[in-house]
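# An overview of the molecular structure
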Amino acid sequence: MTNPFFPTVDTIRFEGSDSTNSLAFRWYDADRVIGGKSMAEHLRFAVSYWHSFCWDGFDIFGQGTLHRPWVNAAGDPMVHARTKMAAAFEFFQKLGVPYYCFHDIDIAPAGATFAESCRNLDAMVDEAARWQEETGVGLLWGTANLFSNPRFGAGAATSPDPEIFAYAAAQICHCLEATNRLGGANYVMWGGREGYETLLNTDLKRELDQLGRMLTLVVEHKHAIGFDGPILLEPKPFEPTKHQYDFDVAACDAFLQRYELTADVKVNIEVNHATLAGHDFAHEVAAAAASGILGSVDANAGDDRLGWDVDRFPVSVEQMTLGMYEILRAGGLTTGGLNFDAKLRRQSSAVDDLFHAHIGGMDTMARALIVAHALLDDGVLEEFTAERYAGWETERGQQVLGSLSLQQLHAEQLAADANPMFASGRQEKLENTVARYVQTAS
Ligand code: XLS
Ligand code: NI
Ligand code: NI
């Protein structure tokens, strides 16, 4: 197999907005300082191993079409896994991303037994540790794949069979330890097949309790091994199951409160999943920030007309600006980052398409950061909002909120006979302000 794997592409550099070089960044300037932090520190970009190095473009209608010479190669699966990893790290390095993310089976082939799968993962963790050391690329998060193997067809933690719960727990244990060894900044638990198709065969309450128990076990083990990062749930409303339990941020928040896990578990918000749940990306970020559970972001967008998880690279600066604005308002990402859980379209079959996709995604997010920071720094929206709620800061506001009973409020209204009216919300004017910043901030 060719080495290097991307012979036609050099290290991607920042050339500025006037550049016409399609293999350069026009906005992502890693060292540029914005509001006291470098762009690299704000954005903490990650490439997802599965879409970019494991998937060759196959879909239910046909075989793969993408340039992935390291996928489905014949021979020893461990040799093959090492080749794939060499391609992945060449890519990470040339692109200049600080992080990557994986599922256990993305980096190491499943063995014939559980023990063999564990040995394979351990060997590939050693290999990944060497690559991380050599390139300086780190692990944003690891996760266990509890949905591809047929054994998880009826769920993992929420399976009706306790032996499957037990198997999943063992797999998570091993993957959490692998993530810890690689210095992972977070550990993710997307719901996979934790959901149901029909209530006719499902004990919903029991399944939720099982999920709560699994998460509690994971949190206990995280402390036992001294893993510093948070555990992150990744909300998604449906797909693969008709009804996923981790529907959206609000559902995850209620779940974490019920099982008393808010101290250790946060959320990984995927833009596309927000859309599927009928929310805006910005809404999900704001909801997580309001509950103190904002963890990380999967920065892949959806499509307005397609109701499934299409995992496109983000292209809309405006959509991403509104999300970045909420991230900045919440104080920015700490352990989290922006992971491109995104894939190429099947017709993007050229060797360098993977670069173009990530460059576009990174420039979109960088530009969104610039615009969002300018909006926040100039205070144009914040000032208006502060003024809009100013009444609550007065003594009267505090009384209404805090000390007056329903009965007293009733009596007061009878006596005062007031006729209060809200002030204009100025939505269109504010939207014009955002549009102006999208146009001019640089
Ligand atoms: C699927 C999810 C998945 C998680 C990691 O829709 O986005 O890719 O991010 O298991
Ligand atoms: Ni997704
Ligand atoms: Ni995701």
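Let me begin by describing the structure that accompanies this report. Computed from a prediction, not measured in an experiment: that's the story for all the values here. By convention here, each chain's residues receive numbers from 1 onward along its written sequence. The order in which chains are written sets their letters, starting at A; the order in which ligands are written sets their numbers, starting at 1. Where local features are concerned, this predicted model is filtered to residues with pLDDT of at least 70; where side-chain atom pairs are given and counted, the filter is 80 or more; whole-chain, interface and lining totals use all residues. Side-chain measures here rest on the full set of heavy atoms in the structure, leaving out hydrogens and waters.

Below, the discussion takes up the coordination of the nickel ion (ligand 3). Because no water is among the atoms considered, metal sites can look incomplete, with donors defined as N, O and S atoms within 2.8 Å of the metal, or 3.2 Å for Na, K and Ca. Around the nickel ion (ligand 3), the donor atoms from the protein are Glu234 (OE), Glu270 (OE), Asp298 (OD) and Asp341 (OD), and they sit 1.9 to 2.2 Å away. Every donor counted, the six donor atoms about the nickel ion (ligand 3) form angles of 79 to 177° at the centre, which fits octahedral coordination. Read N to C, the donor residues that coordinate the nickel ion (ligand 3) are spaced as E-x35-E-x27-D-x42-D. The two metals, the nickel ion (ligand 3) and the nickel ion (ligand 2), are separated by 3.8 Å and share glutamate 270 as a common coordinating residue. A residue pair is termed long-range when its members are at least 10 positions apart, and glutamate 234 in strand E10 (residues 231-234) and aspartate 298 in strand E13 (residues 294-298) qualify at 64 residues. Relative accessible area serves as the criterion here: at 0%, aspartate 298 is assigned to the buried category. Geometry is assigned from the angles between donors: four donors with all angles from 85 to 135 degrees make a tetrahedral site, four or six donors whose opposite pairs exceed 155 degrees while the rest stay between 65 and 115 make square planar or octahedral sites respectively, and everything else is labelled irregular. To qualify as a helix, a DSSP run of H or I must reach at least 4 residues; to qualify as a strand, a run of E must reach at least 2; elements of each kind are numbered from the N terminus. Each residue is assigned to one of three classes by its accessible area relative to the maximum for its type, calculated with a 1.4 Å probe on protein chains only: buried under 20%, partly exposed between the two thresholds, exposed over 50%.

Taken together, the neighbourhood of ligand 1 is formed by Trp50, His103, Trp141, Trp190, Glu234, Lys236, Glu270, His273, Asp298, Asp309 and Asp341. Here an oxygen atom of ligand 1 and a side-chain polar atom of lysine 236 are 2.8 Å apart. We define a polar contact as two N or O atoms separated by no more than 3.5 Å, with the added condition that, inside protein, one atom must be a possible hydrogen donor and the other a possible acceptor, whereas residues neighbouring each other in sequence contribute only through side-chain atom pairs. Aspartate 309 places a side-chain nitrogen or oxygen 2.7 Å from an oxygen atom of ligand 1. When ligand 1 is considered free in solution it has 290 Å² of accessible area, and contact with the protein chains removes 93% of it. Its residues assigned to classes, the shell around ligand 1 shows three nonpolar, two polar and six charged. Residues are classed as near a molecule or strand on a simple rule: at least one heavy atom within 4 Å of it. In short, Shrake-Rupley with a 1.4 Å probe defines the accessible areas, and a residue's cover is counted only from the protein chains shown. Each residue is assigned to one of three groups, with Ala, Val, Leu, Ile, Met, Phe, Trp, Tyr, Cys and Pro labelled nonpolar, Asp, Glu, Lys and Arg labelled charged, and all others, Gly among them, labelled polar.

Centres within 6.5 Å are what make two rings of Phe, Tyr or Trp a pair, Trp counting through its six-membered ring; a difference in plane orientation under 30 degrees is then read as stacked, over 60 as edge-to-face, and the rest as tilted. Summed over the entire model, instances satisfying the criterion amount to 25 aromatic pairs. Here tyrosine 28 and phenylalanine 45 contribute two aromatic rings whose centre-to-centre distance is 5.1 Å and whose plane-to-plane angle is 75°, an arrangement assigned as edge-to-face. Of the two residues, tyrosine 28 is situated in the loop between strand E2 (24-25) and strand E3 (33-34) and phenylalanine 45 in strand E5 (residues 45-48); the sequence distance between them amounts to 17 residues. Here tyrosine 28 and phenylalanine 45 have matching classes, each one buried. By way of ring pairs, the aromatic residues Phe5, Phe6, Tyr49, Phe53, Trp70, Phe89, Phe91, Phe92, Tyr100, Phe102, Trp131 and Phe355 are connected into one cluster. For the cation-ring pair, arginine 151 lies above phenylalanine 152, with the distance from its terminal atom to the ring centre recorded as 5.7 Å. Any Lys NZ or Arg CZ found within 6 Å of a ring centre and within 35 degrees of that ring's normal is scored as a charge over the ring.

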